[in-house]
Amino acid sequence: MKNFYEMLKKRIQIWHEEHAEKIEAQRQAELDAEARSKIQVMEFNGNLYVCVYGIPLFGEDDIKDTFAKAVENGRKNFKDWQEEKLWEQ
């Protein structure tokens, strides 16, 4: 009888571990899909940009400089995109 309980306990432990692994894999897949939908590369004004939520931020040339310069260029690109959207209205 003791052997039966030990075996049952091991099987339940294995089931819990596999279940936790499945939940973690599903969570990682959802995070990956979300990252892919929110962060992309797209064309804007004839150049490729890294975009967040469809807003072009960093072009290829922008990330070749220092980090501070890249952020400055990202802000400029964001403002340019905003101005273009205002002109479209």
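The rules behind each value
- Residues numbered from 1 in each chain as written.
- Predicted model: local features only at pLDDT ≥ 70, side-chain atom pairs only at ≥ 80, totals over all residues.
- Heavy atoms only, no water.
- Helix = DSSP H or I, 4+ residues; strand = E, 2+ residues; numbered from the N terminus.
- Contact = heavy atoms within 4.5 Å.
- Core = buried A, V, L, I, M, F, W, Y, C linked by side-chain atoms within 4.5 Å.
- Buried < 20%, exposed > 50% of the residue type's maximum accessible area, 1.4 Å probe, protein only.

A. Geometry of the environment of Pro56. By the element assignment, Pro56 lies in strand 3 (residues 55–59). Along the sequence, Pro56 and Arg36 sit 20 residues apart, while their C-alpha atoms lie 15 Å from each other. Ignoring anything within four residues of it in the chain, the contact list for Pro56 reads Phe44, Tyr49, Val50, Cys51, Asn77, Phe78 and Trp81.

B. Just the nonpolar core, in detail. Ranked by size, the top nonpolar core spans six residues in total: Phe44, Tyr49, Cys51, Ile55, Leu57 and Trp81. Those elements giving two or more residues to this core turn out to be strand 2 (47–52) and strand 3. The residues contacting Trp81, other than those within four sequence positions of it, are Phe44, Gly54, Ile55 and Pro56.

C. Here's a closer look at unusual backbone geometry. Even without glycine at this site, Tyr53 takes up a positive phi of about 55°. Within the secondary structure layout, Tyr53 lies in the loop between strand 2 and strand 3. For Tyr53, a relative accessible area of 59% translates into the label exposed.

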